[in-house]
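# Descriptive structure summary
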Amino acid sequence: MTTEEIFEKLRALQDVLVKKLEVEKQINEIPKMLTAQEDMMTHLKKQWIEKDQNYVAEKTKEGEFRNLLFEAESARERAEKHMDAISTQREYENLDKEIKDSTEREQQYRKNLQQVEQHIREL
């Protein structure tokens, strides 16, 4: 065996040794990476749970505002129907005030409902 062949085999063995050390290093880093990924997964699960709870709460608010809006619309419509049956100025003023109040509540509920719907879309 010549010196050149010996050096060639030593270089090949050196390359194998370098690869072995790289693999050993990767093997030693795997538990650290796993722990970091588990921590990240735990954090993401917590975020998801919080967002899900927020989503459920916003959906509940949306239902409440829809009910309130329906009630305000119904009150306004009832008051408008009673306009035909009034006989005094006082009744007219009371019904007119009730209609205006119902209309304002409707607008506020619609605004709140739109905000909640926007927040739901963002979630």
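For clarity, every value in this text was computed on a predicted model and none was experimentally measured.

Moving on to the overall build of the protein chain. When you go through the protein chain residue by residue, the secondary structure sums to two helices and zero strands. For 123 residues, the compact-globule formula gives about 14 Å, and the C-alpha radius of gyration of the protein chain, at 37 Å, lies well above that figure. By principal-axis analysis of the C-alpha atoms, the protein chain measures approximately 125 × 20 × 15 Å. Here the protein chain holds 123 residues, and 15% of them are scored as buried. Here the contacts in the protein chain between residues at least 6 apart in sequence split such that 72% fall between residues at least 24 apart. Carbon and sulfur atoms make up 54% of the accessible area of the protein chain, which amounts to about 10500 Å² in all. Once the 22 positive and 28 negative side-chain charges of the protein chain are each reduced to a mean point, those two points are 2 Å apart.

A word on the packing of aromatic side chains. What describes a pair of aromatic rings is the distance from one ring centre to the other and the angle between the planes of the rings. Taken as a whole and assessed by the stated rule, the structure comprises one aromatic pair. Pairing F65 with Y109 gives two aromatic rings, centres 6.5 Å apart and planes at 40 degrees, and the pair type is tilted. Separated by 44 residues along the polypeptide, F65 in helix α1 (residues 3-82) and Y109 in helix α2 (residues 89-122) bring together distant segments of the chain. A relative accessible area of 18% means that F65 is categorised as buried. Under the relative-accessibility criterion, Y109 is labelled buried at 18%.

For the rest of this paragraph, the subject is a nonpolar patch on the surface. A contiguous nonpolar patch, built from M1, I6, F7, L10 and L13 and spanning about 540 Å² of accessible area, is present on the exposed surface. Residue placement: F7 occurs in helix α1. For F7, a relative accessible area of 43% corresponds to the partly exposed category.

Right, let's get into the side chain of E58. Relative to the elements of secondary structure, E58 occurs in helix α1. Using a relative accessible area of 10% as the deciding quantity, one classes E58 as buried. Not counting residues up to four positions away in its chain, the partners in contact with E58 are V116, H119, I120 and L123.

Calculation notes
- Residues numbered from 1 in each chain as written.
- Predicted model: local features only at pLDDT ≥ 70, side-chain atom pairs only at ≥ 80, totals over all residues.
- Heavy atoms only, no water.
- Helix = DSSP H or I, 4+ residues; strand = E, 2+ residues; numbered from the N terminus.
- Rg over C-alpha atoms; globule rule 2.2 N^0.38 Å.
- Buried < 20%, exposed > 50% of the residue type's maximum accessible area, 1.4 Å probe, protein only.
- Contact = heavy atoms within 4.5 Å.
- Areas by Shrake-Rupley, 256 points an atom, 1.4 Å probe, with all protein chains shown as cover.
- Lys, Arg positive; Asp, Glu negative; His and termini not counted.
- Charge placed at Lys NZ, Arg CZ, Asp CG, Glu CD.
- Phe/Tyr/Trp six-rings, centres within 6.5 Å; stacked < 30°, edge-to-face > 60°.
- Patch = residues over 30% accessible without salt bridge, like charges linked within 9 Å, V, L, I, M, F, W, Y side chains within 5 Å.
- Salt bridge = Lys/Arg side-chain N within 4 Å of Asp/Glu carboxyl O.

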